[in-house]
Amino acid sequence: MTNLDEVLAKPLSQELLARDLTRLAYVAKDGTPRTIPIAFTWNGEQIVLCTTKNAPKLHALKANPAVALTIDTEVHPPKILLLRGTAELDHTDGIPDEYLQMNGTYEMSAEQRVEWEREVRSLYVDGMVRIVITPTWAKLIDFETTLPTPVQELVERRSARQETV
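Residues numbered from 1 in each chain as written. Predicted model: local features only at pLDDT ≥ 70, side-chain atom pairs only at ≥ 80, totals over all residues. Heavy atoms only, no water.

Draft legend 1. Inspection of the overall build of the protein at higher detail. If you tally the helices and strands in the protein, you get 6 helices and 7 strands. Reading the helices (α) and strands (β) of the protein from amino to carboxyl end gives α-α-β-β-β-β-α-β-β-α-α-β-α. Within the protein, counting contacts between residues at least 6 apart in sequence, those at least 24 apart form 69% of the total. Only carbon and sulfur atoms are counted for the fraction: they give 53% of the accessible area of the protein, which is about 10100 Å². Charge centroids of the protein, computed over 18 positive and 24 negative side chains, lie 7 Å from each other. (Helix = DSSP H or I, 4+ residues; strand = E, 2+ residues; numbered from the N terminus. Contact = heavy atoms within 4.5 Å. Areas by Shrake-Rupley, 256 points an atom, 1.4 Å probe, with all protein chains shown as cover. Lys, Arg positive; Asp, Glu negative; His and termini not counted. Charge placed at Lys NZ, Arg CZ, Asp CG, Glu CD.)

Following this line, the structure appears as structure tokens:
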């Protein structure tokens, strides 16, 4: 099992991969960085995002498919899953099943869900684009057993200083 597989298999990673939103980072066509919140679903091997066929990010991802993702919590201490990978674009004629799944976890009444799906089907008549990201790197930070690398280095330096005193 690779380090990537080990990180993604952890229960906390699986919990984060079941959330609704990720932050997608990519390089825009003008060379500047972009980060956007976007709904996603995890299929066990890949992150799947869906977007409109006229989204500016598609041109950027076609030119440079390298991406980074952050999935995190809003509590203290935060739980953070950082991912890097490569995006592939898959143009679809209809509404991808993943789009309906990823938005299925939002709190909606049955009536709201029916209305939302009707609106989606009327809006995306030309289809959507699936952005399929295969992770190539992952790091899980929980601030209990794992820390950001620079913070971990500071903790180790502090321990070394305390040992010499």
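Draft legend 2. Up close: the environment of E98. If you trace the backbone, E98 turns up in helix α4 (residues 97-102). A distance of 2.9 Å separates a polar atom in the side chain of E98 from a polar atom in the side chain of R130. (Polar contact = N/O pair within 3.5 Å; in protein donor to acceptor, adjacent residues only side chain to side chain.)

Draft legend 3. Structural detail: the pairing of strand β6 (residues 80-91). Here 7 bridges tie strand β5 (residues 66-72) to β6, and the two strands are oriented antiparallel to one another. Bridge pairing in β6 places T70 opposite L82. As judged from the 12 bridges shared by β6 and strand β7 (residues 129-141), these two strands associate in the antiparallel manner. Considered in β7, the bridge of R84 is made with W137. (Pairing = 2+ DSSP bridges.)

Draft legend 4. How the structure looks around the sheet that holds strand β2 (residues 33-39). One open sheet holds the 7 strands; their spatial order is β2-β1-β5-β6-β7-β4-β3, and the pairing between them is antiparallel. For this open sheet the edge positions go to β2 and β3 (41-42), each flanked by a neighbour on one side alone. Bridge analysis of strand β4 (residues 47-51) against β7 gives 5 bridges, and the strand direction is antiparallel. Residue pairing in the sheet places V48 in a bridge with V132 of β7. The strands that helix α3 (residues 56-63) touches are β1 (21-27), β2, β4, β5, β6 and β7; relative to β1, the one it contacts most, it runs at about 60°. (Axes fitted to C-alpha atoms, helices over the stretch in contact; angles between N-to-C directions.)

Draft legend 5. Seen up close, unusual backbone geometry. In this model, H76 is joined to P77 through a cis peptide bond whose omega is -5°. Here P77 lies in the loop between β5 and β6. Although it is not a glycine, F143 adopts a positive phi angle of roughly 60°. Here F143 lies in the loop between β7 and α6 (149-164).

Draft legend 6. The pattern of salt bridges, seen in detail. Using the criterion set out here, one finds 9 salt bridges in the structure. A salt bridge links E98 to R130; its shortest N-O distance comes to 2.9 Å. Note that E98 is positioned in helix α4 and R130 in strand β7, a separation of 32 residues in sequence. E98 gets classed as buried once you look at its relative accessible area, which sits at 17%. If you follow the salt bridges from partner to partner, you end up with D90, E98 and R130 in one network. (Salt bridge = Lys/Arg side-chain N within 4 Å of Asp/Glu carboxyl O. Buried < 20%, exposed > 50% of the residue type's maximum accessible area, 1.4 Å probe, protein only.)

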